Amino acid sequence: MRFNRQLASIKVYEGGKPIELVMREYGIAPENIIKLASNENPFGTSPKVIEAIKANVHTVHMYPDDSMIDLKTALAKKFDVETSNLIIGAGSDQVISFAVSAKANKHKKVLTARTTFAMYEIYARQVGAKVIKTASHQHNLDELYAKYKKDGDVGIIFLCLPNNPLGECLDKDDVFDFISRIDDNTMVVVDGAYQDFAAAKDPRKKIDPKALIETFPHTLYLGTFSKSYGLGGMRVGYGIAGEEIMQALYKMRPPFNVTTLSLKAAQAALEDETFVRKGIENNFEEMKKYEAFARKNKIDFIESYTNFITLLFGNDKNSSEIAQMLLKKGIIIRDLHSYGLNGIRITIGTPEQNTKFFEAMETVL
Ligand SMILES: *Cc1c(COP(=O)(O)O)cnc(C)c1O
């Protein structure tokens, strides 16, 4: 069978290996497997979320409230925007796909940093759009601007702030200055999947969605419940933008795209900011141990504003081999070989998980 031509160039997205797979492949008991591969919250989710899910289980025979007004109202309050500035997706991933479908095509390109969230490129290719990237792996605004000017016909620019899988983050002032130079027919997407981590570490990185969309009507801000809120399994994310962009995104949205239990879970998660704050505090406390470990073992790392850290190896080591050896010890991390980097990305875990990682890594090295 022949499929649409643009599919030929798409590489199927490979997420972090699930625990079930490692169990089967290596015969390791699930309680001895540590997954530090997908930037999930190592403390799980708030007990309030579990309660909310249980309390709503009896409603699953009914379609969800497609207006999603309760969650939108809670998010509108959090960000001081109108509910009409919000769209909810099955993960912010889905909102990315709406944006790409609305703005990119065979003639309108997608511009990103060289090494960033893989889904931007996959969605772009699905609609037959050309993806152009900077030469630098990390976000470099001068390079992004030069590409934007030189290549022309850019439909969307993705800024991942902070960036997955590398962890770096641009300053808010520089980002605003950059966006002010972008034509208002090009959508600039600010992916804030890890913004709460970055803002907690350094206020200069903090991007306020309200200020962003009010200053620049051609921007879309993205947030997710999958990382700091610990709801990766529920698939809830959101987009914040002005009226014009919202109208376009809603044309792409399938009905009932987020389940009732997911909506309730996200709403409950917003009510327990203490849980999120503690997770972020643990994250940066533990991150120091990773930095110390890297220095001690003479491994390069990228300063991270997220819940993961990226280690980069020299020629004497091979990231895929290291990932494989760790896997045999029941530790799942992300090999960055497929991004053209000899490095690994490790999600910061609980103190116990991190200790086990350091022990395993010592022997591997
Ligand atoms: C995790 C992540 C997302 C979205 O995750 P969802 O689970 O789809 O909400 C978006 N962007 C980046 C950079 C991420 O790391």
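Residues numbered from 1 in each chain as written. Predicted model: local features only at pLDDT ≥ 70, side-chain atom pairs only at ≥ 80, totals over all residues. Heavy atoms only, no water.

A. Examining the nonpolar core more closely. The biggest cluster of nonpolar side chains holds 83 residues, and the ones touching the most others in it are Phe 225, Leu 326 and Phe 357. At 8 residues, helix 12 (residues 273-296) tops the list of elements feeding residues into this core. Here Leu 326 is in contact with Ile 331, Ile 333, Ile 344, Phe 357, Ala 360, Met 361 and Val 364, once residues within four sequence places are set aside. With 27 residues, the next largest nonpolar core counts Ile 96, Val 131, Leu 220 and Ala 241 among its residues. (Core = buried A, V, L, I, M, F, W, Y, C linked by side-chain atoms within 4.5 Å. Buried < 20%, exposed > 50% of the residue type's maximum accessible area, 1.4 Å probe, protein only. Helix = DSSP H or I, 4+ residues; strand = E, 2+ residues; numbered from the N terminus. Contact = heavy atoms within 4.5 Å.)

B. Structural detail: the side chain of Thr 219. Counting through the fold element by element, Thr 219 comes out in strand 7 (residues 219-224). With residues near it in sequence (within four places) discarded, Thr 219 still touches Ile 179, Val 188, Leu 212, Ile 213, Ile 240, Ala 241 and Ile 245.

C. Highlighting the sheet that holds strand 8 (residues 237-241). Strand order in the open sheet made by the 7 strands is 2-8-7-6-5-3-4, with mixed pairing throughout. Only two strands of the sheet have a single neighbouring strand rather than two, namely strand 2 (86-89) and strand 4 (131-133). Geometrically, the sheet is characterised by an average inter-axis angle of 20° between neighbouring strands, direction not taken into account. Strand direction decides the pairing type here: strand 3 (residues 109-112) and strand 4, joined by 3 bridges, are parallel. By the bridge assignment for strand 4, Leu 111 is matched with Ile 132. Together, strand 2 and strand 8 form the strand contacts of helix 3 (residues 69-79), whose direction differs from that of strand 2 by roughly 125°. (Pairing = 2+ DSSP bridges. Axes fitted to C-alpha atoms, helices over the stretch in contact; angles between N-to-C directions.)

D. Structural context of empty space enclosed by the protein. In total, this model carries 1 cavity of 30 Å³ or more according to the counting rule given. The calculated volume of the largest cavity comes to roughly 80 Å³. What lines the largest cavity is simply Glu 40, Asn 41, Pro 42, Phe 197, Ser 228, Val 276, Gly 279, Ile 280, Asn 282, Asn 283, Asn 307 and Ile 348. The dominant element in the lining of the largest cavity, judged by the number of residues it contributes, is helix 12, at 5 residues. By residue class, the composition of the lining of the largest cavity is 5 nonpolar, 6 polar and 1 charged. (1 Å grid on protein atoms, 1.4 Å probe; cavity = no way out; pocket = protein on both sides within 12 Å on 5 of 7 lines; lining within 4 Å. Points joined across faces, edges and corners; volume = space filled by probe spheres on them. Nonpolar A, V, L, I, M, F, W, Y, C, P; charged D, E, K, R; others polar.)

E. Summary view of unusual backbone geometry. In the segment running from Leu 161 into Pro 162, the intervening peptide bond is cis, with an omega of 0°. Tracing the sequence through the fold places Pro 162 in the loop between strand 5 (154-160) and helix 7 (172-180). Across the junction of Asn 164 and Pro 165, the peptide omega takes the value 15°, indicating a cis bond. Relative to the elements of secondary structure, Pro 165 occurs in the loop between strand 5 and helix 7. Phi at Lys 298 takes a positive value of approximately 55°, unusual for a residue other than glycine. Along the chain, Lys 298 turns up in the loop between helix 12 and strand 9 (300-302).

In short, geometric facts, not functional conclusions.
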